[in-house]
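# Commentary on secondary and tertiary structure
Chain residues, written in single-letter form:
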Amino acid sequence: MLTREQAEKLDRNDPIGGMRDRFYINNGELYMDGNSLGLMSKDAKEYIDTSLEDWKKLGIRGWMEADQNWFYMAERLSKCQAPLMGAKPEEITIHSSTTLNLHLLLATFYKPVGQRRKILVDSLNFPTDIYAVRSFLEQAGLDPEDHMVFVSSEDGLTLSEDNIVSNLSEEVALVLLPGVLYRSGQLLDMKTLVKAAHACGAYIGLDLSHSAGAVEHNLHEWGVDFAFWCNYKYFNGGPGAAASLFVHEMHLKNGPALAGWFGYRKDKQFNLALNFEASTTASAWEVGTPHILSMAGLMGAFKQFETCGMAALREKSILLTQSLIELIDERLGVYDFSVGSPRNPEKRGGHVALVHKEAARINEAMKEAGIIPDYREPNIIRLAPVPLYTRFVDVVDLVDRIEKIMETGAHLKFENKRGVVA
Ligand SMILES: *Cc1c(COP(=O)(O)O)cnc(C)c1O
């Protein structure tokens, strides 16, 4: 179990510990919600400030004349993010929102033929994906009940890869799974699942919202058909930052099902011709004018990842979550807390799920005690010790504060019920 002295020593010797100084962190606050919204960094802010200045000074000329010109901003960002995701730069673009990108990718990759018409999803998936798939099928005139296969979970927290594979059949056209489950933090074996989906003859798409920026990916090498993720969680791009989508090189030539003028070949886009000539990269999936102010910060954010390296970030993240789990076991078990995340670090993403039947009111007491966690129905408090800006002593402080809440009963004055935005 991690002691304060050991934690201080780990912090002193942390090769990426200096990155914390690049972030805006409220004094005394333990920010454990980087898996929902990453903190603002000075680097991200500098790029956003520059874009605002460019708009102020250049107006329309900012598209080409700004140092950080707007017209090619998505390309520059893709180039920076690609190595962080194990992708080629031409396979990624920065565009729109996560859910809308899923709609665009469903339109491209859902190709029902003969018997093969079903979309395989999991019952623990983030609901927006399920809403998207259902509505997508309905507008295509297909009954979601007949066209979706739900993989179930035995414990309500995790999925078994074997169970996912056993649900594959010649009826499955498309598999849609998360990289890391948003509640328990389980990291799925993406490489194996891609192989299995392809062996069965289905396409596979991954929602990487909870794994992007938290764990290492090899999207190109694994042969993932498509993927999408948000950039405001571990990637710290800012609230509602433009999202990312990945289309494997092997599919780029087929182009998007739903087109718009920003998916046109960039060199000829302003010919404004009425025939659509798709870009030969993932930028073909872009639709309309890019959200420059919601993209600019990502350049600063990605540069931090580049400086640290995904491997070092993941290594520190595992040490942080492992220390947290051990402290929970040792010191919070007596208060009926349990750990809802996989204990094997290779099966775990960047956050830890703390399970308690009074989680909603304990979550409120934690906020009162200067902790920023988040609560997920019905009994989970998620804690993300993000390696870019969390110290080992923060993990010790976190457990100290939770222990004190339970000792003093500070949570009892709150109702055991969640707020509107949890
Ligand atoms: C956060 C998250 C989303 C968010 O979708 P938006 O369109 O950005 O709101 C989608 N899927 C998963 C798994 C997430 O964790």
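Given the structure is predicted, the values throughout are model-derived calculations rather than measurements.

### A look at the nonpolar core
Membership of the largest hydrophobic core comes to 68 residues, with the highest contact counts inside it found for Leu120, Val175, Leu208, Leu219, Trp229 and Leu388. The element that contributes the greatest number of residues to this core is helix α4 (residues 73-85), accounting for 7 residues. Ignoring sequence-local partners within four residues, the contact set of Leu219 consists of Met85, Gly86, Leu208, Val224, Ala227, Trp229, Phe246 and His248. With 32 residues, the next largest nonpolar core counts Ala7, Phe392, Val395 and Leu398 among its residues.

### So, the packing of helix α14 (residues 359-368) against helix α15 (residues 392-408)
Relative orientation of the contacting elements α14 and α15 amounts to 120°, with a least axis distance of 10 Å. By the criterion of interaxial angle, the relationship of α14 to α15 is oblique. The two elements α14 and α15 cross, and the hand of that crossing is right-handed. Residues Ile362, Ala365 and Met366 of α14 lie in contact with α15, whose contacting residues are Leu398, Ile402, Ile405 and Met406. Partitioning the contact of α14 with α15 into residue classes produces 7 nonpolar, no polar and no charged.

### What about the sheet that holds strand β7 (residues 226-229)?
In spatial order, the strands read β2-β8-β7-β6-β5-β3-β4; together these 7 strands make up an open sheet with mixed pairing. Where the open sheet ends on each side, the last strands, each with one partner, are β2 (92-94) and β4 (148-151). Recorded for the sheet is a direction-independent mean angle of 15° between the axes of neighbouring strands. In terms of strand pairing, strand β5 (residues 172-178) meets strand β6 (residues 203-207) through 5 bridges, oriented parallel. Residue pairing in the sheet places Leu176 in a bridge with Gly205 of β6. Where α4 meets the sheet, it contacts β2, β7 and β8 (244-247), and its direction lies at approximately 130° from that of β2.

Thresholds, definitions, all that
- Residues numbered from 1 in each chain as written.
- Predicted model: local features only at pLDDT ≥ 70, side-chain atom pairs only at ≥ 80, totals over all residues.
- Heavy atoms only, no water.
- Core = buried A, V, L, I, M, F, W, Y, C linked by side-chain atoms within 4.5 Å.
- Buried < 20%, exposed > 50% of the residue type's maximum accessible area, 1.4 Å probe, protein only.
- Helix = DSSP H or I, 4+ residues; strand = E, 2+ residues; numbered from the N terminus.
- Contact = heavy atoms within 4.5 Å.
- Axes fitted to C-alpha atoms, helices over the stretch in contact; angles between N-to-C directions.
- Parallel < 35°, antiparallel > 145°, perpendicular 65-115°, else oblique.
- Left-handed = near helix turned anticlockwise from the far one by under 90°.
- Nonpolar A, V, L, I, M, F, W, Y, C, P; charged D, E, K, R; others polar.
- Pairing = 2+ DSSP bridges.

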